[in-house]
Amino acid sequence: MTLLPAPSERRSLGLCAVGALAGLVVAGAGLFTAHGTRIAGVPPEDVALVNQVPILMSDFDAQLRATDNVGLDHATPQQKRQILKEMIREELYVQRGIELGAQADVIEVRQALVGAVEAQQAIDANAAQPDEAALHAWYARNRARYAGEGTLELADLIAPSSAQAGAAVAALRAGTPAQGVHSSGKVDDGQEFYFAARLHLGDRLFAVAQGLRAGQLSDPVAMPDGWHILVVRSNQPPVPPAYDQVRDRVLADVRADKVARMQAGADAFLRRRADIQIAPGFE
Amino acid sequence: MVRGGYALGIAAAGLAVAALLAWHHATVARETLILRGDPDTILSDPARRAIALRDGAPVFRNHCAGCHGAAGRGDPHRAVPNLTDGDFLYGAGRVGEIEQIVLHGIRAGDTRGWDLAEMPGFAKPVPYAREPLPSLGPQQVGDLVAYVRRTGPADANARGRILFTNTAGCWDCHGSDGGGDPSIGAPNLNDRIWLRGDGSAAAIVDTIEHGLAGVCPAFARILTPYQARVVAAYAAALHPRNPHR
């Protein structure tokens with residue numbers, strides 16, 4: 001059987017006082033450390049608070065470096081005061097600009113705000129580190145994208161007529177010099193990447209050349225400037241590299257894809273929660 | 001007996017509150033010591049150095065080691081810089097500079113981060129979106145590689161030098177002497193330290209053909225200012241030849 005203590009007014013008041021004190025400590029800590037709260041002191045990470053908006057110490061240090069090329073320890077009090085004065089002025093003007101509604105009027109401010117919100121989505125995507133399985137899966141799905149450019153080296157000969165082109169092809173296939181043809185001059189710089197060959201030859205001739213192997217020549221191809229014969233010296237199609245070789249590009253693409261998806265999601269979310277009214281005829 | 005129990009409870013509660021206040025005071029004092037001082041002198045001050053390295057290690061482990069590795073040695077297969085090789089891609093290895101990278105990143109979408117240039121990919125119709133540069137052919141890429149590696153026939157080197165210092169515009173970022181430019185993150189090509197690959201001809205060909213634009217995330221909204229500074233100090237201390245370590 002437990003003996004209960006006799007009621008004591010002093011003890012009750014004492015316990016109440018302890019409880020009240022603990023409550024005050026907790027409430028005070030919450031009150032004075034919450035964001036946006038007016039506090040007596042400047043937090044360690046800030047050099048100043050302007051209407052409770054912090055000016056970060058790291059920004060102050062970077063600004064000192066950028067302006068006077070000097071660190072905190074070597075800056076004179078005057079240099080520090082000057083930099084701080086400029087930073088406070090900037091903050092005051094930013095706040096005043098918001099009060100005046102500059103975001104509604106100034107096109108540069110609007111562009112900067114749109115860019116900043118998009119950038120924030122990119123930051124979140126970039127900070128996440130996809131695991132290797134996700135990167136491998138992306139690579140497997142998009143392997144062709146990493147193949148790079150194939151290379152071609154060829155001669156592009158032009159004959160003025162179908163008959164002369166046919167004769168030239170027959171001669172070349174027989175291993176003898178072709179008569180009555182001349183080079184187009186478009187692909188005479190030696191080996192070039194597929195994209196360059198496509199630009200030089202045009203889509204139609206490039207498609208023909210791409211299908212030929214080294215040592216092969218095409219049948220005559222009728223074009224506005226004559227009959228073309230393509231003689232391929234080398235043709236190295238694009239080869240998809242191994243995953244390890246392109247891992248950095250895969251990571252960049254995965255992140256870019258995530259940024260695009262996050263931005264699309266943000267667009268949808270903002271539209272969903274917004275009250276958008278559109279005039280009749282403009283829906 | 002019971003009255004003694006109450007007194008003990010009250011004393012314990014008082015002690016807990018006092019301990020909490022003391023811990024809070026110590027935390028604020030530690031953060032003030034690290035954050036209110038010059039970041040570039042943290043590592044030369046034994047007291048601040050010890051705190052920064054102790055508190056920076058777990059932040060590095062949780063947020064940086066995923067790419068740079070637990071020892072900070074990076075990964076040349078993924079173009080992740082080695083933080084221990086004494087070669088500074090951006091800046092000179094000062095804690096303040098590294099802190100800015102931690103906070104605002106590299107090509108991370110933060111307008112205060114580094115994003116002044118990228119390595120163009122010359123095997124593309126448009127090698128570089130920021131300014132007009134010519135595409136290169138396979139032989140030109142080979143000549144450039146011969147010049148950069150100082151290998152191969154003399155005529156290839158000579159053609160490569162012309163490309164480097166003129167046609168392809170490489171000098172604009174890497175400098176006419178190939179010494180790089182830490183103000184835009186252009187690597188030194190003469191020090192035999194390779195950001196991507198092993199310095200082999202194939203690896204350099206791949207970089208010239210496809211370009212390179214590494215990303216370091218911006219942690220300004222993820223880490224506290226204190227965490228950003230101590231992890232910057234920790235990373236700066238990884239360089240054995242860092243004059244600021």
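Right, let's talk about the overall build of chain B for a bit. In terms of regular secondary structure, chain B is built from nine helices and zero strands. For chain B, the sequential pattern of α-helices and β-strands runs α-α-α-α-α-α-α-α-α. Relative to a compact globule of 245 residues, whose C-alpha radius of gyration would be 18 Å, chain B shows 25 Å and is clearly more extended. Dimensions of chain B along its principal axes, counting C-alpha atoms only, are 100 × 35 × 25 Å. Residue pairs at least 24 apart in sequence account for 62% of intrachain contacts in chain B once pairs closer than 6 positions are excluded.

Looking now at the pairing of strand S1 (residues 46-50) of chain A. All names here are of chain A. When S1 meets strand S2 (residues 53-56), the two strands line up antiparallel, connected through four bridges. Bridge pairing in S2 links Val50 to Val53. Here S1 folds back onto S2 in antiparallel fashion, the turn holding two residues, of which Asn51 has a positive phi close to 50°.

Now for the nonpolar core. If you look at the biggest cluster of nonpolar residues, it comprises 47 residues, and the most contacted ones within it are B:Val102, B:Val231, B:Ala232, B:Ala233 and B:Ala235. Ranked by residue count, the leading element in this core is helix H9 (residues 225-238) of chain B, at eleven residues. In this structure, B:Ala233 is in contact with B:Ile42, B:Leu43, B:Ala52, B:Leu53, B:Gly56 and B:Val95, ignoring residues within four places of it in sequence. In terms of nonpolar packing, the next biggest core, distinct from the first, is built from 39 residues, A:Leu157, A:Ala209, B:Tyr147 and B:Phe164 among them.

To continue, consider the domain arrangement of chain A. We note that the domain assignment places domain 1 (46-126) and domain 2 (148-236) within chain A. Centre-to-centre, using C-alpha coordinates, domain 1 of chain A lies 61 Å away from domain 2 of chain A.

Reports often express the size of an interface as the amount of accessible area lost when the parts come together. With 40 residues of chain A in contact, the opposing surface of chain B contributes 49 residues. Looking at the side of chain A that touches chain B, the elements with two or more residues in it are helix H1 (9-33), helix H2 (57-68), helix H5 (107-127), strand S5 (192-193), helix H8 (194-201) and helix H10 (247-273) of chain A. Of the residues contributing to the side of chain A that touches chain B, the split by class is 18 nonpolar, nine polar and 13 charged.

The next subject is the domain arrangement of chain B. Residue and element names in this part refer to chain B. Assigned domains of chain B: these are domain 1 (2-103 + 228-238) and domain 2 (138-210). When each unit is reduced to the centre of its C-alpha atoms, the spacing between domain 1 and domain 2 is 39 Å. Each residue belonging to the side of domain 1 that touches domain 2 can be placed in one class, and the counts come to seven nonpolar, one polar and two charged.

The subject of this paragraph is unusual backbone geometry. All names here are of chain B. Look at Ala79: it is not a glycine, yet its phi comes out positive at around 60°. Within the secondary structure, Ala79 sits in the loop between helix H3 (65-68) and helix H4 (95-104). Judged by the 22 C-beta atoms lying within 10 Å of it, Ala79 falls in the buried class. In this model, Arg150 sits at a positive phi of 55°, which is unusual for a non-glycine residue. Mapping Arg150 onto the fold places it in the loop between helix H5 (138-149) and helix H6 (154-167).

Right, let's get into helix H3 (residues 77-100) of chain A. Along its 24 residues, H3(A) runs 34 Å from first to last C-alpha, staying within 8% of the 34 Å computed at 1.5 Å per residue. Once H3(A) ends, the next one or two residues include A:Gly101, with phi positive near 80°.

Sheet faces and side chains relate simply in a regular strand, where the side chains alternate between the two faces. Residues and elements named next belong to chain A. Judged by how many residues are buried, strand S3 (residues 151-159) sits mostly within the fold: eight of nine residues are covered. Of the pairings in the sheet, the one linking S3 to S5 comprises two bridges and is antiparallel in character. Along S5, the bridge assignment pairs Thr151 with Phe193. Judged from the nine bridges that link them, S3 and strand S7 (residues 226-236) form a sheet pairing that is antiparallel. The partner of Ala155 across the bridge, within S7, is Val231. Bridging between S3 and strand S4 (residues 182-183) involves two bridges; their strand directions are antiparallel. Along S4, the bridge assignment pairs Leu157 with Ser183.

Turning our attention to the packing of H2(A) against H3(A). Residue and element names in this part refer to chain A. The N-to-C vectors of H2 and H3 enclose an angle of 110°; their axes lie 10 Å apart at closest approach. When the axes of H2 and H3 are compared, the pair comes out roughly perpendicular. As for the relative orientation of H2 and H3, their crossing is right-handed in sense. Touching Phe60, Gln63, Leu64, Thr67 and Asp68 of H2 are Gln79, Ile83, Leu84 and Met87, all from H3. Considering only residue class, the contact of H2 with H3 consists of five nonpolar, three polar and one charged.

Definitions and cut-offs
Residues numbered from 1 in each chain as written. Chains lettered and ligands numbered in written order. Predicted model: local features only at pLDDT ≥ 70, side-chain atom pairs only at ≥ 80, totals over all residues. Helix = DSSP H or I, 4+ residues; strand = E, 2+ residues; numbered from the N terminus. Rg over C-alpha atoms; globule rule 2.2 N^0.38 Å. Contact = placed C-beta atoms within 7 Å. Pairing = 2+ DSSP bridges. Core = buried A, V, L, I, M, F, W, Y, C linked by C-beta atoms within 7 Å. Buried ≥ 20, exposed ≤ 12 C-beta atoms within 10 Å, placed from the backbone. Domains from an automatic or database assignment. Nonpolar A, V, L, I, M, F, W, Y, C, P; charged D, E, K, R; others polar. Expected span 1.5 Å × (residues − 1). Axes fitted to C-alpha atoms, helices over the stretch in contact; angles between N-to-C directions. Parallel < 35°, antiparallel > 145°, perpendicular 65-115°, else oblique. Left-handed = near helix turned anticlockwise from the far one by under 90°.

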